[in-house]
Amino acid sequence: MGDLNSLLEPGMLVSHPDQPDWGTGQVQSNVGGRITVNFREQGKVVIDGARVVLIPVYEG
């Protein structure tokens, strides 16, 4: 799992670097490198943290 992915916790907002059309997603869980994210435009997706490094989103 990417070092940044290991810091992701439930409730944090993220975006997928290869799927910008999915919009911002909220992390639901992060267990054993499998990150479940609920994206605004795509719904719930399970991400393999070893293959994709999600980008934290900070909304002000």
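It should be emphasised that the depicted structure is a prediction, and the values quoted were computed from it without experimental measurement.

Things to note about the nonpolar core
Core analysis: the largest hydrophobic core is formed by 11 residues, namely Leu8, Val14, Trp22, Val27, Ile35, Val37, Phe39, Val45, Ile47, Val52 and Leu54. Counting residues per element, the ones that place at least two in this core are strand E3 (34-39) and strand E4 (43-48).

Some details on the sheet that holds E4
Pairing is antiparallel in the open sheet, where 5 strands are placed in the order E4-E3-E2-E1-E5. Every other strand in the sheet has two partners, leaving E4 and strand E5 (55-56) as the edge strands with one partner each. Across 6 bridges, E3 lies against E4 in antiparallel orientation. Within E4, the position partnered with Asn38 by the bridge is Lys44.

Side note on the pairing of E3
As paired elements, strand E2 (residues 25-31) and E3 share 6 bridges and run antiparallel to each other. The residue bridging Gly25 from the neighbouring strand is Phe39, located in E3. The hairpin turn running from E2 into E3, its antiparallel successor, is 2 residues long, and Gly32 in that turn takes a positive phi close to 55°. Between E3 and E4, which pair antiparallel in sequence order, lie 3 residues.

Section: the environment of Asn30
Its place among the elements puts Asn30 in strand E2. Each C-alpha atom, one on Asn30 and one on Glu41, is 20 Å from the other, the two residues being 11 residues apart in sequence. At 2.8 Å, the side chain of Asn30 and the backbone oxygen of Asn5 are in polar contact. Engagement of the side chain of Asn30 in a polar contact is seen with the backbone oxygen of Leu8, the distance being 3.0 Å.

What counts as what
- Residues numbered from 1 in each chain as written.
- Predicted model: local features only at pLDDT ≥ 70, side-chain atom pairs only at ≥ 80, totals over all residues.
- Heavy atoms only, no water.
- Core = buried A, V, L, I, M, F, W, Y, C linked by side-chain atoms within 4.5 Å.
- Buried < 20%, exposed > 50% of the residue type's maximum accessible area, 1.4 Å probe, protein only.
- Helix = DSSP H or I, 4+ residues; strand = E, 2+ residues; numbered from the N terminus.
- Pairing = 2+ DSSP bridges.
- Polar contact = N/O pair within 3.5 Å; in protein donor to acceptor, adjacent residues only side chain to side chain.

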